[in-house]
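What follows is the residue order along each chain.
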Amino acid sequence: MQRAATYFVTTPIYYVNAEPHIGHLFSSCLADSLARYHRLFNRPTLLTTGCDEHGQKVEQASIQAGFQNVQQFCSTNSNKFRLLFDSAGIDYSTGGFLRTSELRHVDCVSSVWNRLSSSGLLSKASYEGWYSTSDECFVSADDLVRSEDPVAGKEKFVMRETGQPVELCSEVNWLLRMNDLKSEVRKYLTSGRVVVPDRYSESALRQLNSTPDTLSVSRPTSRCSWGVPVPGDPSQTVYVWLDALCNYLTCAGYPNHLRAWPPTDQIVGKDILRFHAIIWPAILIAMGLQPPNRIICHGHWLCDGRKMSKSLGNVVRPDEDLFNRLSRDGLRYALLRSGPVTGEDADFQLARSIHTVNDELVNCMANLASRASSPKIHRRSLPPVESHKDLLRHAANLNEHQFVEQLLNLSDSLHSQWSEVRIHHVADSLVSVWRSANSLFDRWHPWQLAKSDDAESMSKLDSLLVLVFASLRLTGLHLTPLCPTLGHRLMSASGVDKSDTVRFDSPIDSVLLCPRELAAPSASREHLIERREVL
Ligand code: MSP
């Protein structure tokens, strides 16, 4: 049998100048859920994440925090990201958690530099421009406004959108010639649905039009020493974005054997689209490597209508309290089923997230599982379900064809939703199955069927339980990418046993059909997920 190609997904790497917030967690949850979805089909996956530790921004933050040693500051803060991802169930075991200060990465950046240098696209020259340390890039004068709070006697400019200060720098840099690369990038961006959602594809093309013909790819060491030295030129440090983008190559094994390339999906927030949709492909094309298959761009989580930022003080931290309030899987679910996934910005409101978790996971899903496991309607064993035909037979027994059709179509429709990264629709489809299954109870009153001992009532009760448990097993499997623990709990509470997963070719059939005796009822509502407290 041919082995499926590796699904290779990346998260951005996070600046360690500040502690993680829910926006960062969201980017990683998105990548993790996609990887977990692909794993349902036994496809090998590679998920990479990590921290962006070099550059002026991090160096300045380390000084401000009173650290003598930047490396120590980075270790402290990158550890917070790693611990957060561990507690949120972000499984980076396949591709690793990379820190740009690691030696393997420094080696990779040096190799990339040498390759670019041998392509003849680099040259050293004077460069003048406005540098924004908060964005770690030169910005156009159009993005600036005069500061309302000028330093005495001096005109000062700040970024129009964020109010962050900029500095006029006139310095010698290594420059990458972009003219030819830009037309290659245009071809790449228009070669299919490379950037999704579509509106970000248009935005990437617009940004390409305004990309200058040269790109500064180093900074004088006198200005920025915390980074990778330019090979053969100790007076210069590799530009932090070039350094950071190389993380994807380091994780894939560069400059040695690449265990997978190109990435299948790269997750980015809309603020870093330009770096990933223009500069990164340009660098890869210059190196003779393939750019990523797809760039998935998401919107931002806002707080009180504004992008979260340390300076505005409106940051929502995924701390122990937030995890306790929503539960780990509840937090993942609330983040993944909302706005930013579609590319929109969305305000994070704890009360709304609690309501979503209670309404959909507790009232719909857990309630269904607990109703189905009630001792009042428990049957020692259910009729075996060996094929879709068996399911249809039970549907006919109850005249509930629509429900079984919904079940049999679920995997295909979820497949297209995952492919289009419409995760909010994935959640909608699961909720819709739980609602339909709950309404079977309202129509069939199984507790009354269980009381009347005649054969017909028993046969109806059997059919009802067969259908409901099939729906719980199947939705449990499909819930695992969003809520790994909850999905597995639901599967085991509805009778999926490890041995079942080898009985059928497809993992979907193995849970949908899996004929076996039901153990004692085990799915009390609280066993799955407890009701979250409303504030
Ligand atoms: N270090 C760079 C990325 C280098 S990737 C080669 C960086 N780091 S960051 O920490 O500022 O942002 C990392 C990711 O978090 C980005 O995708 C960014 O869009 C995302 N988020 C940061 N704030 C966010 C929200 N408020 N909401 C959603 N995601 C946002 O940029």
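Residues numbered from 1 in each chain as written. Predicted model: local features only at pLDDT ≥ 70, side-chain atom pairs only at ≥ 80, totals over all residues. Heavy atoms only, no water.

Domain annotation of the protein identifies domain 1 (7–118 + 241–332) and domain 2 (363–512). A separation of 37 Å is found between the C-alpha centroids of domain 1 and domain 2. Listed as interface residues are 13 residues of domain 1 and, on the opposing side, 17 residues of domain 2. Here domain 1 and domain 2 share an interface that buries about 1400 Å² over both sides, 65% of which is from carbon and sulfur atoms. When the buried area of domain 1 at its contact with domain 2 is split by residue, Tyr37, Leu40 and Asp329 rank highest and sum to 46% of it. Our count for the contact surface shared by domain 1 and domain 2 stands at zero salt bridges. Of all the elements in the fold, those that place two or more residues in the side of domain 1 that touches domain 2 are α1 (22–39), β16 (294–298) and α11 (328–336). (Domains from an automatic or database assignment. Contact = heavy atoms within 4.5 Å. Buried area = accessible area lost by both parts, 1.4 Å probe. Salt bridge = Lys/Arg side-chain N within 4 Å of Asp/Glu carboxyl O. Helix = DSSP H or I, 4+ residues; strand = E, 2+ residues; numbered from the N terminus.)

Another point: α11. The element α11 is largely enclosed, with a buried count of eight among its nine residues. Within α11, the full set of buried residues consists of Asp329, Gly330, Leu331, Arg332, Tyr333, Ala334, Leu335 and Leu336. Looking at the packing, one finds that the buried side of α11 touches α1, β17 (301–303), α10 (320–326), α12 (350–372), α15 (423–444) and α18 (484–493). (Buried < 20%, exposed > 50% of the residue type's maximum accessible area, 1.4 Å probe, protein only.)

Taken as a class, soluble globular proteins show a tendency for nonpolar side chains to be buried jointly. Counting 105 residues, the largest nonpolar core has Phe85, Leu361, Met365, Trp434 and Leu482 as the members making the most contacts within it. The element contributing the most residues to this core is helix α17 (residues 455–479), with 13 residues. Here this core gathers at least three residues from each of two domains, domain 1 (7–118 + 241–332) and domain 2 (363–512). The residues contacting Leu361, other than those within four sequence positions of it, are Gly330, Tyr333, Thr356, Ala366, Trp434, Cys483, Leu486 and Ile529. Of all hydrophobic cores here, the second largest spans 65 residues; its members include Tyr127, Val230, Tyr248 and Met287. (Core = buried A, V, L, I, M, F, W, Y, C linked by side-chain atoms within 4.5 Å.)

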